Amino acid sequence: MKSFTYERPSSPAEAASAVAKTPNAKFIAGGTNLLDLMKLQIETPAHLVDVNGLGLDQVEPTSDGGLRIGALVRNTDLAADARVRKDYGVLSRALLAGASGQLRNKATTAGNLLQRTRCPYFYDTAQACNKREPGSGCSAIGGVSRQLGVIGTSEACIATYPGDMAVAMRVLDATVETVDATGHERKIPIADFHRLVGDKPEIDTTLRSGELITAVTLPKPVAGTHIYRKVRDRASYAYALVSVAAIIGKDGTGHVAFGGVAPRPWRVEAAEADLPRGAKAVTDRVFDGATPTHENAFKLKLAERTLGAVLTEARA
Amino acid sequence: MVGASAAATLVAVPSAAGARPAATDAPVLAKVALTVNGERHELELDTRTTLLDAVREHIHLTGAKKGCDHGQCGACTMIVDGRRINSCLTLAVMHQDDAVMTIEGLGKPGDLHPMQAAFIKHDGYQCGFCTPGQICSGIAVLAEIKSGIPSHVSADLNATYEATQNEIRERMSGNICRCGAYSNIVEAMTEVAGRQA
Ligand SMILES: Cc1cc2nc3c(=O)[nH]c(=O)nc-3n(C[C@H](O)[C@H](O)[C@H](O)COP(=O)(O)OP(=O)(O)OC[C@H]3O[C@@H](n4cnc5c(N)ncnc54)[C@H](O)[C@@H]3O)c2cc1C
Ligand code: SF4
């Protein structure tokens, strides 16, 4: 690990300006992704701004019947929140399907959104990787790509956004709230938060440098059966090959987003009209234009079957 | 309260105001006070020091183990402010005034914690390397079940939870045992859960 200076401010404005005014500074929340990457020198910040003292750790109702989740709310606490369990079950389920009990006790809402890809070449500093070192090439194209993306990828990078929580937030139409060093606040719809990487795979999100996430808001609850189904190489404690976050109504209509397939939670709203016609009708549209590799083409069939299982479960 | 503690923990800033810090190998030192197993320790550490390294190398409590050092194996599990965490993926300087519990604080030979005794009785280990983390995790898991935290295998999100085999296995998935003592660990935890119920 490279050495760094450290500070722990007490207000969001101070934290944002500390990162803005110090070159090569980063926020640190739970540290479970950032420290992992710092140990490998994939991330080499010279200054860490600890956001744990900012008090952004509450889940509160909003005036329009939704919920406002502080950026520092731990994954365990969010999954166990009585309102989330009752009205946003897909979010509880997605959180509980991710990582381990120890990690969820530390991991935060903002840190989870910003976790970086698990592409094996991104982690191996001896390999070319455009996301880690822009312009160096992509070892995954033509390499081991079983875990990687099938849609929304580019010729520069085929990695996925690996997380679970954001897939549920995508189906719930969440909004990411931020503040910057000048005090300017932004509300970013989750659909616009993670980027399609294009020719800049080193930039994962539309967050600007020094911009602090303060909260994620959820609109008022959507009725229906909330399901998060994650398919992985072992029954627990592994990243998704494919996951489905869904809210399905009694009449078979609903909303659905896919994880493990793209650089962001993958949702095609127009395809949801086909939900009453069954899984294949939906996935044919959701994955229209997919460009899988020979190693991960199975994800297309797996996505269809996983959605099929979700629709069966919703009917039961 | 937040402001006061924050001011007290502003521990390491760039030495010359306005200096442009670049990531280097030159250590930056910072002061931190930790309470480990009830005893307060005032340390001056390289900011890079993880909680695990602070406890093992500076406080010389070597019960918690460094397995993978990347949050994957659970051998470093400690209970901090009542919650189990991977001590390898957190910085010591981020734990100013926190109460840290390690295997050494749970019990001593002759005065074992019930979970330690149950691991012995049920042969919940072979080589023992992962055991301190397993036991810390095991105790925290039973507390999490009691306090109503659901898991991936809980059938109903809005119910209360029991320490069933299925729940224990899922909740312990962040603690790997290369000897494969899993079924005996589940038996040890089941017995302790029964005693507590
Ligand atoms: C072994 C292992 C298994 C895992 N398995 C899964 C899994 O199955 N599913 C899954 O979804 N995840 C999994 N994870 C990832 C885990 O969910 C993330 O590490 C965690 O959510 C990151 O949160 P954090 O608070 O620790 O982030 P940190 O590591 O503190 O930060 C991550 C990034 O977010 C930035 N950041 C943090 N807070 C803010 C803020 N308020 N504003 C702006 N930027 C901010 C930091 O600068 C950093 O770049 C796993 C991790 C490990 C180590
Ligand atoms: S897929 Fe992306 S992250 Fe993986 S090696 Fe290629 S550029 Fe790097």
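Residues numbered from 1 in each chain as written. Chains lettered and ligands numbered in written order. Predicted model: local features only at pLDDT ≥ 70, side-chain atom pairs only at ≥ 80, totals over all residues. Heavy atoms only, no water.

### Thoughts on the overall build of chain B
Moving on, step 1. On a plain count of helices and strands, chain B comes out with 7 helices and 5 strands.
Moving on, step 2. Starting at the N terminus, the α and β elements of chain B follow one another as α-β-β-α-β-β-β-α-α-α-α-α.
Moving on, step 3. Looking at the 197 residues of chain B, the share that counts as buried comes to 52%. (Helix = DSSP H or I, 4+ residues; strand = E, 2+ residues; numbered from the N terminus. Buried < 20%, exposed > 50% of the residue type's maximum accessible area, 1.4 Å probe, protein only.)

### Looking at the overall build of chain A
Moving on, step 1. When helices and strands are counted, chain A shows 11 helices and 11 strands.
Moving on, step 2. By principal-axis analysis of the C-alpha atoms, chain A measures approximately 55 × 50 × 35 Å.
Moving on, step 3. The proportion of buried residues among the 316 residues of chain A is 61%.
Moving on, step 4. Pairs at least 24 residues apart make up 62% of the contacts formed inside chain A by residues separated by at least 6 positions.
Moving on, step 5. Of the accessible surface of chain A, which amounts to about 11800 Å², a share of 50% is contributed by carbon and sulfur atoms.
Moving on, step 6. With 39 positive and 34 negative side-chain charges, chain A shows a separation of 4 Å between the mean positions of the two kinds. (Contact = heavy atoms within 4.5 Å. Areas by Shrake-Rupley, 256 points an atom, 1.4 Å probe, with all protein chains shown as cover. Lys, Arg positive; Asp, Glu negative; His and termini not counted. Charge placed at Lys NZ, Arg CZ, Asp CG, Glu CD.)

### Notes on the site of ligand 1
Moving on, step 1. If you check the shell around ligand 1, you find 34 residues, and the closest are Phe27(A), Gly31(A), Thr32(A), Leu34(A) and Thr108(A).
Moving on, step 2. Ligand 1 is flanked by residues contributed from chains A and B.
Moving on, step 3. Asn112(A) is positioned with one of its backbone polar atoms (N or O) 3.4 Å from an oxygen atom of ligand 1.
Moving on, step 4. At a separation of 3.1 Å, an oxygen atom of ligand 1 approaches a polar side-chain atom of Gln115(A).
Moving on, step 5. The fraction of the free accessible surface of ligand 1 (980 Å²) that becomes covered by protein chains is 96%.
Moving on, step 6. Considered class by class, the residues forming the shell around ligand 1 number 15 nonpolar, 14 polar and 5 charged. (Near = heavy atom within 4 Å. Polar contact = N/O pair within 3.5 Å; in protein donor to acceptor, adjacent residues only side chain to side chain. Nonpolar A, V, L, I, M, F, W, Y, C, P; charged D, E, K, R; others polar.)

### Concerning the sheet that holds strand E5 (residues 99-101) of chain B
Residue and element names in this part refer to chain B.
Moving on, step 1. Ordered in space as E2-E1-E5-E3-E4, the 5 strands form an open sheet in which the pairing is mixed. Looking along the sheet, the strands with just one partner apiece sit at the ends: strand E2 (39-46) and strand E4 (83-86). Ignoring which end each strand starts from, the neighbouring axes of this sheet average 40° apart.
Moving on, step 2. Across 8 bridges, the pairing between strand E1 (residues 29-36) and E2 is antiparallel. Within E2, the position partnered with Ala33 by the bridge is Glu42.
Moving on, step 3. Each of strand E3 (77-80) and E4 is contacted by helix H5 (residues 131-146), which is oriented at about 45° to E3, the strand it contacts most. (Pairing = 2+ DSSP bridges. Axes fitted to C-alpha atoms, helices over the stretch in contact; angles between N-to-C directions.)

### As for the side chain of Glu7(A)
Residue and element names in this part refer to chain A.
Moving on, step 1. Along the chain, the position of Glu7 falls in strand E1 (residues 5-7).
Moving on, step 2. One buried charged side chain, Glu7, makes no salt bridge at all; its nearest oppositely charged neighbour is Lys21, positioned 5.6 Å away.
Moving on, step 3. Here the side chain of Glu7 touches His47 through a polar contact of 2.7 Å, side chain to side chain. (Salt bridge = Lys/Arg side-chain N within 4 Å of Asp/Glu carboxyl O.)

### Topic: the environment of Gly38(B)
Moving on, step 1. One can find Gly38(B) in the loop between E1 and E2.
Moving on, step 2. The spatial distance from the C-alpha of Gly38(B) to the C-alpha of Cys73(B) is 26 Å, given a sequence separation of 35 residues.

### Here's the deal with the site of ligand 2
Moving on, step 1. Around ligand 2, the structure places 13 residues, and the nearest of them are Cys119(A), Cys129(A), Cys138(A), Cys157(A) and Ile158(A).
Moving on, step 2. Broken down by class, the residue content of the shell around ligand 2 amounts to 10 nonpolar, 2 polar and 1 charged.

### A look at the environment of Asp81(A)
Residues and elements named next belong to chain A.
Moving on, step 1. Mapped onto the elements, Asp81 comes out in the loop between helix H3 (75-80) and helix H4 (82-87).
Moving on, step 2. The class of Asp81 is buried, set by a relative accessible area of 12%.
Moving on, step 3. For Asp81 and Thr125, which are 44 residues apart along the polypeptide, the C-alpha to C-alpha distance reads 39 Å.

### Let's talk about the packing of aromatic side chains
Residue and element names in this part refer to chain A.
Moving on, step 1. Counted under the stated rule, the structure contains 2 aromatic pairs over all chains.
Moving on, step 2. With 6.0 Å between their ring centres and 75° between their planes, Phe122 and Tyr123 make a pair best called edge-to-face.
Moving on, step 3. Residue classification places Phe122 among the buried residues on the basis of a relative accessible area of 1%.
Moving on, step 4. Ring centres of Phe258 and Phe287 lie 5.1 Å apart, and the angle between their planes is 70°; on these two criteria the pair is classed as edge-to-face. Here the residue Phe258 occupies a position in strand E11 (residues 254-259), and Phe287 occupies one in the loop between helix H10 (279-286) and helix H11 (298-315), the gap between them amounting to 29 residues. (Phe/Tyr/Trp six-rings, centres within 6.5 Å; stacked < 30°, edge-to-face > 60°.)

### Some thoughts on the interface of chain B and chain A
Moving on, step 1. The partner chain A presents 52 residues to the 58 residues of chain B that form the contact.
Moving on, step 2. A combined buried area of about 4300 Å² lies between chain B and chain A, and 55% of that area is made up of carbon and sulfur atoms.
Moving on, step 3. For the chain B face of the interface with chain A, the top three residues by lost area are Leu89(B), Met94(B) and Leu157(B), together amounting to 16%.
Moving on, step 4. Where chain B meets chain A, there are 2 salt bridges.
Moving on, step 5. Residue Lys39(A) pairs with Asp69(B) through a salt bridge whose shortest N-O separation is 2.9 Å.
Moving on, step 6. Here chain B is connected to chain A by 24 residue pairs in polar contact (both at pLDDT 80 or more).
Moving on, step 7. Contributions of two or more residues to the side of chain B that touches chain A are made by helix H1 (2-8), E4 and H5 of chain B.
Moving on, step 8. Ranked by residues supplied to the side of chain B that touches chain A, first place goes to E4(B) with 4 residues. (Buried area = accessible area lost by both parts, 1.4 Å probe.)

### Concerning the nonpolar core
Moving on, step 1. One finds Leu91(A), Leu113(A) and Met169(A) to be the most contacted residues of the largest nonpolar core, which totals 52 residues.
Moving on, step 2. Among the elements that take part in this core, helix H9 (residues 165-171) of chain A stands out by supplying 6 residues, more than any other.
Moving on, step 3. In this structure Leu113(A) touches Tyr161(A), Met165(A), Ala166(A), Met169(A), Val176(A), Ile190(A), Phe193(A), His194(A), Ile213(A) and Val216(A), once residues within four positions along its chain are discounted.
Moving on, step 4. With 32 residues, the next largest nonpolar core counts Met38(A), Ala30(B), Leu52(B) and Cys76(B) among its residues. (Core = buried A, V, L, I, M, F, W, Y, C linked by side-chain atoms within 4.5 Å.)

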